[in-house]
Amino acid sequence: MPYNEKEYNGYLIDQLRLLKRIEAVTKDKEALEVIEFEREFIEQKLYQNPSLTKDTKG
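Read on for a plain summary of the structure. Residue numbers here run from 1 along each chain, matching the order of that chain's written sequence. Owing to the predicted nature of the model, reporting of local features is limited to residues with pLDDT of at least 70; listing and counting of side-chain atom pairs is limited to 80 or more, with chain, interface and lining totals taken over all residues. Hydrogens are left out, water is left out, and the side-chain values use all remaining heavy atoms of the structure.

## Re the side chain of R39
A run of DSSP states H or I qualifies as a helix once it reaches four residues; a run of E qualifies as a strand once it reaches two. Both are numbered from the N-terminal end. Looking at the secondary structure, you find R39 in helix 2 (residues 29–46). With a relative accessible area of 13%, R39 lands in the buried category. A distance of 3.1 Å separates a polar atom in the side chain of R39 from a polar atom in the side chain of E23. Residue contacts follow a heavy-atom distance rule, with two residues in contact if any of their heavy atoms lie within 4.5 Å. Discounting chain neighbours no more than four positions away, the residues touching R39 are L16, L19, K20 and E23. Here's how the labels work: a residue is buried when its accessible area is under 20% of the maximum for its type, exposed when over 50%, partly exposed in between, all with a 1.4 Å probe on protein chains only. Here a polar contact is recorded for every N or O atom pair within 3.5 Å, except that within protein the pair must consist of a potential hydrogen donor and a potential acceptor, and residues adjacent in sequence are included only if both atoms are side-chain atoms.

## Observations concerning the nonpolar core
Only buried residues count toward a nonpolar core, which is a set of Ala, Val, Leu, Ile, Met, Phe, Trp, Tyr and Cys residues joined through side-chain atoms within 4.5 Å. Counting six residues, the largest nonpolar core is built from L12, L16, L19, I35, I42 and L46. Secondary-structure elements contributing two or more residues to this core are helix 1 (5–25) and helix 2. Setting aside chain neighbours within four positions, we find L12 in contact with I42, K45 and L46.

## Details of helix 2
Expected span, for any helix, means 1.5 Å times one less than how many residues it has. Taking 1.5 Å of rise per residue, the 18 residues of helix 2 would be expected to cover 26 Å, and the 25 Å separating its terminal C-alpha atoms lies within 8% of that figure. Those residues of helix 2 that sit buried are I35, R39, I42 and L46. One face of helix 2 carries all of its buried residues, which in axial projection span an arc of 70°. Those residues of helix 2 that are exposed and angled more than 90 degrees off the buried face are K29, E30, E33 and Q44. Its buried side turned inward, helix 2 meets helix 1. The arc refers to the directions leading from the helix axis to the C-beta atoms.

Shown next as structure tokens:
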């Protein structure tokens with residue numbers, strides 16, 4: 001389990017890379033739809049605003 005935001009983001013990026021690799025080797029339309037569906041959820045977590053940690057600079 002990731003301990004900080006940077007580690008968690010790395011985990012999410014790894015998930016996106018895995019989806020991209022699966023997408024590259026499948027032609028099944030239903031599978032591609034599921035991949036896109038999952039990608040949206042991962043990107044929501046990755047690009048959430050505000051981020052998981054508070055900005056302490058300000």
